[in-house]
Amino acid sequence: MKRRELLGGLAAVGAGAQFFPLRASLAGSGRWAVPSARQIAWQCRGRMAFIHFGMNTFTDREWGFGNDLPDLFNPTDFSADQIADTVRDGDFAGLIITAKHHDGFCLWPSQYSDYSVKQAPWRNGQGDVVGDLAAACKARDLRFGVYLSPWDRHRADYGHEGYVQFYMRQLHELLTRYGPVCEVWFDGANGGDGWYGGAAETRHIDAETYYRWPEIFALVRKLQPEAVIFAPQGGDVRWIGNEAGRVTSPCWPTVPKGSLNSDILPHGMFGAPVWRPAEVDVSIRPGWFWHEEENGSIRSAAELFDLMFATLGSGANLLLNLPPDRRGRIPALDRDAVRGMAALWRGMLARDYAGAGHITASDTENGRSGDVLLVDDVRYWQAPASVRDVSLKLMLPTRRRFDVVMLSEPLSCGVTIQHYEIEVQEHPRGAFRRVAGGEAVGHCCLVALGGPVEAIAMRVRLFSSDRAPALRRLALYREPKRVYPPTIMRDERGLVVITARDGAAVLYTADGTDPASSGTLYRKPFLFAGGTVRACLAMHAAETGREAIYGLLPTLIRIVEASAPGAEVLLTGRGGGWRSSVGPGHSARIVMTFPARTCIYGVVLTPVEGEPAPVTYAVANGDDGREILSGRFDNMAANAASREIRFREAVCCTRLVLTFSRATGESPVLSIGSLKLLSR
């Protein structure tokens, strides 16, 4: 097993050797779900990088319509080596490239498409992004995977039988031209409006039956038998249910047969018959593709560490998106953040404070000492077949200070632990006290104790309702010291408040310039009419930059008309949001007025998390009734982040009208958390 897979997957959590031999997938009695060899290999990879790159990079969109000219795709300094180096430096096991996104533009010279790098000016039509990245991964011993969008908004035959055959031919190209593929990613976005060869219409398909998934899966199994399949319609791994990086406990690796609803996706189900662990796909930026305006909103190294801790520590795998810019390279800010994340992760794993300890078990089935949990990388400990409640006591050679407990089950046995309790003994004659407990151990369970504990001994109690608990690994760690970016907030009066953890000194600017070079030391809240505030920690400027864009003061705006009551909360973002009905012939509508003629440059809409959000919008000048801009919010259902509607030029008026005609999931009600009007 590769070193980066140990660091990324927490496979042996710093043990430096193979976690589970692949032959272990053959174990099990048949009564319980167990993973396949490829699922075990996937689990041990831990984290992969997602590379969203394509036409959207150059059009500043998230979902292209399919009608952009190939001439637009022209990276100025594309480097597969730089991208792969960034992936390697972040201790990722490999990368997955968006070979074709929903716009239909192909990043490889497909012989079946007239919309690919062959038609682009980049490298005179001789370039191959997929091929270059596959070669760069091979040279660095990184895994390589491909994303191929089933939805194609460019193709004239999408929605008809001929397209499915075309799609399988493209999949065949990707799985036969570029060497071993570790994961094939099929997106769940299917059907809707698109260019479709010039028809410019809306097409709906039955995502369960249209693509002939059994044939597609069979093709993957035939051409790349070791590749795991990510697909909403089945496959080897499941979606976590959101694109925000949220992992909720418990997160079981087993699920029921058939389609999975929004309750099953994040949690799985204990004792279910299908082994299908969760994959957490999330971007380092608010969007999936690179957008220059998001340079001030990149997750910091500390935030990425927390994300990975929550993901891997819940038994899921992380798929972190690193979007290249228009040069065709990972920007320096993003690269530095993942390098910092990797350094923090390695720092935590550098020392196991359970080392040199001794474990005794209340019961054992295989005659092995509990000490195999500390030093053995192949064997595991298990209670006798009839036992459902068992305890393991770890005696430490001296009092040790730690704040993270790691537990791991042997995957070859499937899920054996339903619940666990962790207790510590702080003095030789002291009583044990409970410090943590929970459900679902699985491949990896990282338990943060909420603060340092000094103990001479620790006891872990394991419970199961239907089988003997088994444990593969027990380790103790300390969380690394982390530095977080400051938080920027503006209240309804226009006062900006900047806070930092532990009272750290903060530099800021109120004109959008770099605070590290021209910032003022923040001392107290200040009045801010609108624009961009940037801030960073004085002692860690490079890794803690943050940006906040503020619009007109809420006190300068009045909502004089709305399709539902309570719209005033939109100006402050407080009160839980605003809701309005929407449907055929009925739109959600908001009318704003200003005390004097005011120049507006755009609107920022923030949805209410977990509720149906607007999909389509129209903005009009209320003084003369003319439309300013209309469009749709791409990927709002899965990624409910704030969206900016930037006008082509300033609109000066005393009245602004916002209309929303559709909601995600065709819901009859939509929700909006807040609205900001950009004043510059």
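Residues numbered from 1 in each chain as written. Predicted model: local features only at pLDDT ≥ 70, side-chain atom pairs only at ≥ 80, totals over all residues. Heavy atoms only, no water.

Undergrad: Kindly report on the overall build of the chain, identifying the contributing residues and their values.
TA: Summing up its helical and strand segments, the chain has twelve helices and 36 strands in all. On the principal axes, the C-alpha backbone points of the chain span a range of 85 × 65 × 45 Å. Counting the 680 residues in the chain, one finds 58% classified as buried. In the chain, the proportion of contacts linking residues at least 24 apart, taken out of those at least 6 apart, comes to 73%. Per element, the accessible surface of the chain, about 26700 Å² overall, is 49% carbon and sulfur. Taken together, the 76 basic and 74 acidic charged side chains of the chain have centroids lying 4 Å from each other. (Helix = DSSP H or I, 4+ residues; strand = E, 2+ residues; numbered from the N terminus. Buried < 20%, exposed > 50% of the residue type's maximum accessible area, 1.4 Å probe, protein only. Contact = heavy atoms within 4.5 Å. Areas by Shrake-Rupley, 256 points an atom, 1.4 Å probe, with all protein chains shown as cover. Lys, Arg positive; Asp, Glu negative; His and termini not counted. Charge placed at Lys NZ, Arg CZ, Asp CG, Glu CD.)

Undergrad: Summarise the nonpolar core; cite the residues concerned and give the values.
TA: Membership of the largest hydrophobic core comes to 95 residues, with the highest contact counts inside it found for Phe73, Leu95, Phe144, Phe186 and Leu320. Top contributing element to this core by residue count: helix α6 (residues 161-177), with eight residues. Non-local contacts of leucine 95, meaning those with residues more than four positions away in its chain, are made with Met48, Ala49, Ile51, Ile83, Val87, Leu133, Cys137, Arg143, Phe144 and Gly145. (Core = buried A, V, L, I, M, F, W, Y, C linked by side-chain atoms within 4.5 Å.)

Undergrad: Tell me about the side chain of serine 283, and please be specific about residues and values.
TA: One can find serine 283 in strand β12 (residues 278-283). Side-chain polar atoms of serine 283 contact the backbone oxygen of arginine 285, separated by 3.3 Å. The residues touching serine 283, leaving out its near neighbours within four places in the chain, are Trp288, Arg299, Leu320 and Asn321. (Polar contact = N/O pair within 3.5 Å; in protein donor to acceptor, adjacent residues only side chain to side chain.)

Undergrad: Please provide a residue-by-residue account of the pattern of salt bridges, values included.
TA: Going through the model one piece at a time under the given rule, you end up with 41 salt bridges. We note a salt bridge from aspartate 193 to arginine 632, for which the minimum N-O separation is 3.0 Å. Of this pair, aspartate 193 sits in strand β5 (residues 192-194) while arginine 632 sits in strand β33 (residues 627-632), and the two are 439 residues apart along the sequence. One salt bridge connects glutamate 492 with arginine 574, and the closest N-O pair in it is separated by 3.2 Å. Of this pair, glutamate 492 sits in the loop between β22 (487-490) and β23 (495-499) while arginine 574 sits in the loop between β29 (558-562) and β30 (578-581); the two residues are 82 residues apart in sequence, bridging distant segments of the chain. Bridged by salt links that share partners, the residues Asp81, Asp85, Arg88, Asp89, Arg140 and Arg339 form one connected network. (Salt bridge = Lys/Arg side-chain N within 4 Å of Asp/Glu carboxyl O.)

Undergrad: Please provide a residue-by-residue account of the pairing of strand β31 (residues 588-606), values included.
TA: Sheet topology note: the β29/β31 ladder contains four bridges and is antiparallel. Each bridged residue has a counterpart across the sheet, and for arginine 558 the counterpart in β31 is threonine 593. Across 13 bridges, β31 lies against strand β34 (residues 643-660) in antiparallel orientation. Each bridged residue has a counterpart across the sheet, and for valine 591 the counterpart in β34 is valine 657. When β31 meets strand β36 (residues 674-678), the two strands line up antiparallel, connected through five bridges. Bridging across to β36, valine 604 finds its partner in lysine 676. (Pairing = 2+ DSSP bridges.)

Undergrad: Describe the packing of aromatic side chains, with residues and values.
TA: All told, the structure shown has 34 aromatic pairs when counted by the stated rule. Aromatic pair tyrosine 211 and tryptophan 213: ring centres 5.3 Å apart, planes at 55°, arrangement tilted. With relative accessibility at 0%, the residue tyrosine 211 sits in the buried group. A residue is classified by how much of its surface remains accessible, and tryptophan 213, at 3% relative accessible area, is buried. Centre to centre, the rings of tryptophan 252 and phenylalanine 270 are 5.0 Å apart; their planes meet at 55°, and the pair counts as tilted. Taken together, the residues tryptophan 252 in the loop between β9 (238-239) and β10 (254-255) and phenylalanine 270 in the loop between α8 (264-267) and β11 (274-275) connect sequence positions 18 residues apart. Since its relative accessible area comes to 21%, phenylalanine 270 is described here as partly exposed. Three or more aromatic residues link up through ring pairs in this structure, and these residues are Tyr158, Tyr163, Phe166, Tyr167, Phe186, Tyr196, Tyr210, Tyr211, Trp213 and Phe217. It is arginine 155 that lies over the ring of phenylalanine 166; its NZ or CZ is 3.7 Å from the centre. (Phe/Tyr/Trp six-rings, centres within 6.5 Å; stacked < 30°, edge-to-face > 60°. Lys NZ or Arg CZ within 6 Å of the ring centre and 35° of its normal.)

Undergrad: Outline the state of the cysteines, listing residues and values.
TA: By the definition in use, this model includes one disulfide. Across a sulfur-sulfur distance of 2.0 Å, cysteine 599 and cysteine 652 are joined as a disulfide pair. Looking down the S-S bond of the cysteine 599 and cysteine 652 bridge, the torsion is 90°, so its handedness is right-handed. With cysteine 599 in strand β31 and cysteine 652 in strand β34, this residue pair connects regions lying 53 residues apart in the sequence. Lacking any disulfide linkage, cysteine 44 is separated from the closest cysteine sulfur, that of cysteine 444, by 11 Å. (Disulfide = S-S within 2.5 Å.)

Undergrad: Describe helix α2 (residues 37-45), and please don't skip the residues or the numbers.
TA: Note: α-helices contain 3.6 residues per turn, so residues at a spacing of three or four share the same orientation. Along α2, the residues classified as buried are Gln39, Ile40, Trp42, Gln43, Cys44 and Arg45. At the exit of α2 stands glycine 46, carrying a positive phi of roughly 75°.

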